[in-house]
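# Secondary and tertiary structure notes
Now for the letters of each chain:
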Amino acid sequence: MNEERIWEDDELYLIRHESTIPWLILHPKKAYREFSELPRALRYRIVDLLTLIEEEMLDYYRPEKINIASFGNYLPRQHWHIMARFTEDSHFPEPMWGVRQREGILELPAFDVFAIRLRERLAREKRIEV
């Protein structure tokens, strides 16, 4: 599976997960098995970044719902999936890991434009001191 890195800094990186829906995965550069193992400031920052990504997905794609998930069972390190979900997607309302419900045919705006918008907003991100 081809996963394109679309943004990174000294602590985190964001990849595009190959899918029929807009799907990003946020990873810390350092491996942490559990969320509670992350330094407090990084935990707060991750929540802020997940919120920022969600806001951009909502504004650009206008989905029915945003799903944010963190499991770490197959990849036993912290990472977060951020997915824009649509009533017409192949799995809705089931999770993307679940049983396909239908042939999903989505006409979505270009991901490249979304990635540019998101990178610009991430570049303006202010880190909160905790």
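See the structure above.
In this report, the structure presented in the accompanying data block is examined. (Residues numbered from 1 in each chain as written. Predicted model: local features only at pLDDT ≥ 70, side-chain atom pairs only at ≥ 80, totals over all residues. Heavy atoms only, no water.)

Between side chains of opposite charge, a pair can form as their charged atoms come close. Counted by the stated rule, this structure contains twelve salt bridges. For Arg 45, the salt bridge is made with Glu 125, and the minimal N-O distance between the two is 3.0 Å. Of this pair, Arg 45 sits in helix α1 (residues 40–61) while Glu 125 sits in the segment after α2 (111–123), placing them 80 residues apart in sequence. The pair formed by Arg 45 and Glu 125 is uniform in burial state, with each residue classed as buried. A salt bridge links Asp 59 to Arg 62; its shortest N-O distance comes to 3.6 Å. Judged by relative accessible area, which is 61%, Arg 62 ranks as exposed. When salt bridges with common partners are traced through the structure, they connect Glu 55, Glu 56, Asp 59, Arg 62, Arg 117 and Arg 121 into a single cluster. (Salt bridge = Lys/Arg side-chain N within 4 Å of Asp/Glu carboxyl O. Helix = DSSP H or I, 4+ residues; strand = E, 2+ residues; numbered from the N terminus. Buried < 20%, exposed > 50% of the residue type's maximum accessible area, 1.4 Å probe, protein only.)

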